[in-house]
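The primary structure of each chain is shown beneath.
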Amino acid sequence: GVNVAASPNFSDWAARLGLPFTSIGCDTQRWLADNPECLTGDPLRMMQGMQLFFHEQLPIQFDGLLKAAQGSSAIVCAGLALSAPSVAEHLGIPVLGIAYSPCVIPGRDHPPAMVPWQNLPRWINSLLWSMTHRVSAMRLGDPINTDRERLGLRPLNMFDHLCRRLPW
């Protein structure tokens, strides 16, 4: 069977579909409304806002998803579910990521989502992704690795974990 584990704002949706639901983390729509700096288009302010989100929410995600995924044969994740690959690794089950937009998947054909300019040369897009990987690893790697350590998993580079090892 299927168990939807998501932020509480998805509970009504799961109920309409007749699916069991486990609430993990905060209401992301409310959190974004309360923290508009994450949606400004200013890459530095967006990164700071996302760092705040992950420091607050990752431990909750890890614990909630670990409980919800017990006995599961796979995890399908999307959005800000950064705990999913680690929880799946801990449980020894496959994980599949669903991207709402291809702009979040690194590539030479487009810049990272937080970069407001489009139609940049491919080499600049590649450079911007490389820089984004490094900054994200510095800003977000510690919270992920802290929770991975709690699960007995080795530390890793966050972007490699999410973008290279996770099938999208």
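For the structure given in this document, a descriptive report is provided here.

Criteria and thresholds
Residues numbered from 1 in each chain as written. Predicted model: local features only at pLDDT ≥ 70, side-chain atom pairs only at ≥ 80, totals over all residues. Heavy atoms only, no water. 1 Å grid on protein atoms, 1.4 Å probe; cavity = no way out; pocket = protein on both sides within 12 Å on 5 of 7 lines; lining within 4 Å. Points joined across faces, edges and corners; volume = space filled by probe spheres on them. Helix = DSSP H or I, 4+ residues; strand = E, 2+ residues; numbered from the N terminus. Nonpolar A, V, L, I, M, F, W, Y, C, P; charged D, E, K, R; others polar. Buried < 20%, exposed > 50% of the residue type's maximum accessible area, 1.4 Å probe, protein only. Pairing = 2+ DSSP bridges. Right-handed = clockwise from strand over helix to strand, strands pointing away.

## Here's the deal with the layout of surface pockets
In this structure, the second largest pocket encloses a volume near 230 Å³. Lining of the second largest pocket is provided by 11 residues; of these, P43, M114, M131, T132 and V135 occupy positions nearest its centre. Secondary structure elements with two or more residues in the lining of the second largest pocket: α3 (43-68) and α5 (122-150). Considering each element in turn, the lining of the second largest pocket owes the most residues, 5 residues, to α5. Its residues placed into classes, the lining of the second largest pocket shows 9 nonpolar, 1 polar and 1 charged.

## Side note on the pairing of strand β4 (residues 95-98)
Of the two faces of β4, the one holding V95 and G97 is buried and the one holding L96 and I98 is not buried anywhere. Where strand β3 (residues 75-78) meets β4, 4 bridges bridge the pair, whose relative direction is parallel. Of the residues in β4, the one forming a bridge with A78 is I98. Considered for its hand, the β-α-β crossover made up of β3, helix α4 (residues 84-91) and β4 is right-handed.

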